[in-house]
Amino acid sequence: MAKKKSKPAVSGISAVSQAEAYEEASYFARKCGLTRDEALRMMREAQGSVSMAKAAGGRRKK
């Protein structure tokens, strides 16, 4: 019989400093042919969608 999980799984996404975000956005922009501002906007949207999904219950459909 499987054990029940007592603690919820911790998300792999963590808050980063502003300097780290700019560095990551610059790298992503170079690799994908975007501007740094476009890359930052995409990263913020992706972070927001993860937060919204967790607020909605965090369960996936099977």
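Residues numbered from 1 in each chain as written. Predicted model: local features only at pLDDT ≥ 70, side-chain atom pairs only at ≥ 80, totals over all residues. Heavy atoms only, no water.

Student: I'd like to hear about the overall build of the protein chain, residue by residue, with values.
Tutor: A tally of helices and strands in the protein chain yields two helices and zero strands. Out of the 62 residues belonging to the protein chain, those deemed buried represent 8%. (Helix = DSSP H or I, 4+ residues; strand = E, 2+ residues; numbered from the N terminus. Buried < 20%, exposed > 50% of the residue type's maximum accessible area, 1.4 Å probe, protein only.)

Student: Residues and numbers for the nonpolar core, please.
Tutor: The biggest cluster of nonpolar side chains holds five residues, and these are Ala21, Ala25, Ala29, Ala39 and Leu40. If you list the elements that add at least two residues to this core, you get helix 1 (18-32) and helix 2 (36-55). Per-element accounting of this core gives the leading share, three residues, to helix 1. If near-sequence neighbours (up to four positions away) are discounted, Ala39 is found in contact with Ala25, Phe28 and Ala29. (Core = buried A, V, L, I, M, F, W, Y, C linked by side-chain atoms within 4.5 Å. Contact = heavy atoms within 4.5 Å.)

Student: Hey, could you go over the environment of Ala21 for me, with residue numbers and the actual values?
Tutor: Inspection of the secondary structure assignment puts Ala21 in helix 1. On the accessibility criterion, Ala21 (16% relative accessible area) is buried. C-alpha of Ala21 to C-alpha of Arg44: the two residues are 23 residues apart in sequence and 9.7 Å apart in space. Residue contacts for Ala21: discarding those within four places in its chain leaves Val16, Leu40 and Met43.

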